[in-house]
Each structure stands twice: as structure tokens, then as C-alpha cells.
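# Observations on the three-dimensional arrangement
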Amino acid sequence: MSDRSGLVSCAEALRPLLSSNAAQGAAERRITDAGISALAEAGLFKVTLPERYGGHEAGIRTLLEVAAAVAHGDGAAGWVVSLANVCGWIVALCPGRTQDEVFGADPEARICGSVAPAGSGVAAEGGVRLSGRWSYVSGSLHAQWALLGFNLVDEKGEIVEGRIALVPAKDYSVSDTWFMAGMRATGSNTVTAEDVFVPAHRVLSRARLAEGDYPTEYEDEVPYRSSWSPMLRMALLGPVLGMGRAALDHVRDAAGTKGMFGTVFTRQAESAGFQMQLAEAALRIDTAHLHARRAADDIEEYAARGEQPAFPARARMRADMSLAASQVVEAINMLLNVHGSGGFADASALQRIWQDANVAARHASLLPGISYEVYGKALLGVTNDVATTV
């Protein structure tokens, strides 16, 4: 099994390189080749890869901390690392035949994906024929495979079941559609497939996944018993945490020399008002980490016991994650307020962190509105009738 501290240290060692390349990545709307190569050489795309293929076979707590450490240098790079790893985790839920086809052939293979049912498929002999157009596929520029959600339909066009297909890059195209205010380097472009045949062993049932009924034969590998929805949602949070730390470091480091216009203070660090707001922002970021770690530890504890968490537990995990993301965003806003308008200069890393974090934290799975309602229903014993996944 993996050494969490060692993997986090590897990610932290890449911070200077990732940070120095972040502006270029944002401008070019893709992680630089140097950044991808460094991340791959450090083994950070293999955090969730089974040991059978030379991976670290780590759980979600390790992925959370690795992604945060990468995002401390570059939020977009942290996002790509985290989502590639959670997609790799999904492949590790597949039958051994499928895993061999991907990781047995190439242990360095990276997977992107969108599990939202944006496509449609029809049954064919030995599998399905898949067509569709999937938006926001992060890491699509650096992947060799894609996981694509779709609805299986019958001859009348009526939905039979939600499924997910694993498709090699040769069978889909990537359109350059990702033009956003933040997370520009993630390459979250649009993937299109037209009447692609996908064999049955590369197709997963969403209903079975939601129940924790995974088709892998390797049932003794604990990380691949983790609960489906909490695992996917948690992978989105690590990069947000890392960006919070990056913003805090930026503002704190500048405070020793940056003045405060219109005051008697020659340095921001001399102001009690600044000190108090800096402390509050730091505590919000700490709060985010504590809630995230609680949820991650719970996911791993259930997996270790071979159990799937019931609705109340999953609802609280989801609320933990949404609270954590919103706390980071609020902290970054506070840090920009106390740092001053210079933080919005193109040359400042702070404005990029602010943009990236605000875009990332607004992923539908992290927004607090539905998450808090679901958790409130769980606390009151009310049936969940609002969220399709918890």
C-alpha cells in the first residue's frame, strides 16, 4: 500500500515547477508538457492504480492530500491529477479483463471522463453502440481513455438503464470548447463519439455502482470497495483545499513588505485589523481541511469494513464536502480584501488562484444548496426527493 506522506512530499517537491508554469498553462489552456511529465514521473497519476500494475493503490484520504499539494502549486494541475486518479479508480472497479486491457497494456495510461448520461447507447451483439457529446471532460488533452456516461435505450428510444462506457481515445474526438474565467488549463473540453462499439466488459451499470456492487474480482483490495458517489465527489475537493493554502501563503508572505495606503502602517503585518482577518481566513481554510478529512476517513473506514454507508452517513459526507469548498472560497475572498487590489493584477498569482478556486468550487457536486437540504432531510428522517446521487 502507499506511503501517504511520501506521495504528498513528492507533490510538494513539484510546487516550484508547477507554480512557475501555471500562468503559461492558463494562457495556453492546457497543463504544460513539463508539468505533465513531472507529475507522471513522480507517480502522481498512479495514486489510485492497483499495486498489481505498479500503482500506489491508495485510498481517498491520500488522493485528497496529494491533489491539495499539487494544487498548492497550480490549481488546474491539481484538478487534472485528482480527476485522472478517480477515473483510474473507476477502471479498477471493472472486471480484471478490462483492467488488463487498460493498465496491463500501459500502466502509465491516463483516463478522463464525464459520467453524466450525456450519450445514448443501443444494445449490440457483445456490447453496445454508443453515441453522444460530453462537455467539461477535464484532462481530455492528456488522456488515452475516457469514461462516458450514457443511457441505454430500447428500440422505442425509451431509457432502459444508465450506464458508463470505457472508450479508447482512437474512438472519440475532442473539441476545443473550454473557454472559462478559471481553471483554464484543465483542458475540460468536449468529447464526441459517433456509433462507437463498446464491448460488454467495458460497460458499467450505474445502478450497480450506486449500490457498491462492483464487478472487479479483486475483492480484497480495500480502496476499490469505497462508496461510489462520496468517492467521486471527494475527488473534486482536494484541489480546492490546495488553492486555499496557496492564497493564504501568497497574502501572508507579502504582508511583511506590502504597505497599507491611507494608514500609519508601513507594512500590512503591523496592522491588528489585518492580523485578525488573516487569522480568520486561515481558520476557515483549516475548517475546510478538517471537514474534508473527516469525510475521507469515513469513506475509508466503511471500505475497510466492506460496508456501504447508509443514506444519513452519505448525506453528512456530502455536506462536509460542500461546507469545505465554500469555506475555502470565503477565505480566498477575505484574503483578496486584505491584500488589496494589486491581487487582481495579471502578474499576480492571487487573481489566478481566486478565479480557479471560484470555478472549481462551483461544480454542481460541491455547491452547498442541495447538499445542505439533503443533510437536513437525513437529520430529520425525511425522504431524499431532491438529489439523484448522495
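Scope of this entry: the structure provided in the associated data block. (Residues numbered from 1 in each chain as written. Predicted model: local features only at pLDDT ≥ 70, side-chain atom pairs only at ≥ 80, totals over all residues. Heavy atoms only, no water.)

## With respect to the overall build of the protein chain
- Within the protein chain, the secondary structure is distributed over twelve helices and seven strands.
- By the compact-globule yardstick of 21 Å for 390 residues, the protein chain fits well, its C-alpha radius of gyration being 21 Å.
- In terms of overall dimensions, the protein chain has a C-alpha envelope of 80 × 50 × 40 Å along the principal axes.
- Within the protein chain, the fraction of its 390 residues that count as buried is 55%.
- Excluding contacts between residues fewer than 6 apart, the proportion of contacts in the protein chain whose partners are at least 24 apart in sequence is 72%.
- In the structure as shown, the protein chain presents an accessible area of about 15900 Å², 53% of it carried by carbon and sulfur atoms.
- Averaging the locations of the 34 positively and 44 negatively charged side chains of the protein chain gives two centres separated by 4 Å. (Helix = DSSP H or I, 4+ residues; strand = E, 2+ residues; numbered from the N terminus. Rg over C-alpha atoms; globule rule 2.2 N^0.38 Å. Buried < 20%, exposed > 50% of the residue type's maximum accessible area, 1.4 Å probe, protein only. Contact = heavy atoms within 4.5 Å. Areas by Shrake-Rupley, 256 points an atom, 1.4 Å probe, with all protein chains shown as cover. Lys, Arg positive; Asp, Glu negative; His and termini not counted. Charge placed at Lys NZ, Arg CZ, Asp CG, Glu CD.)

## Some remarks on empty space enclosed by the protein
- Enumeration over the complete set of coordinates arrives at four cavities of 30 Å³ or more.
- Of the pockets and cavities examined, the largest cavity occupies roughly 110 Å³.
- For the lining of the largest cavity, the elements supplying multiple residues, two or more each, are α3 (33–41) and α5 (75–91).
- Looking at which element gives the most residues to the lining of the largest cavity, the answer is α5, with three residues.
- Tallied by class, residues from the lining of the largest cavity come to ten nonpolar, four polar and three charged.
- Lining the second largest cavity are F45, V80, L83, A84, R110, I111, C112, S138, G139, H142 and A143.
- Every element with two or more residues in the lining of the second largest cavity is listed here: α5 and β1 (111–124).
- Here the lining of the second largest cavity is composed, by residue class, of seven nonpolar, three polar and one charged. (1 Å grid on protein atoms, 1.4 Å probe; cavity = no way out; pocket = protein on both sides within 12 Å on 5 of 7 lines; lining within 4 Å. Points joined across faces, edges and corners; volume = space filled by probe spheres on them. Nonpolar A, V, L, I, M, F, W, Y, C, P; charged D, E, K, R; others polar.)

## Description of α5
- For α5, which comprises 17 residues, the first-to-last C-alpha distance of 25 Å matches the rise-based estimate of 24 Å (1.5 Å per residue) to within 8%.
- Counting buried positions along α5 yields 17 of 17 residues, so the element is predominantly enclosed. (Expected span 1.5 Å × (residues − 1).)

## Re the environment of N358
- Tracing the sequence through the fold places N358 in helix α11 (residues 349–360).
- Sequence spacing of N358 and L232 is 126 residues, and the spatial spacing of their C-alpha atoms is 19 Å.
- Not counting chain neighbours up to four residues away, the residues in contact with N358 comprise V329 and N333.
- A polar contact of 2.8 Å, which involves the side chain of N358, links it to the backbone oxygen of W354. (Polar contact = N/O pair within 3.5 Å; in protein donor to acceptor, adjacent residues only side chain to side chain.)

## Considering unusual backbone geometry
- You will see that E57, though not glycine, has its phi angle at about 50°, which is positive.
- Residue placement: E57 occurs in the loop between α3 and α4 (60–73).
- A residue is classified by how much of its surface remains accessible, and E57, at 6% relative accessible area, is buried.
- The phi torsion at D195 lies on the positive side, around 50°, for a residue other than glycine.
- If you trace the backbone, D195 turns up in strand β6 (residues 189–199).

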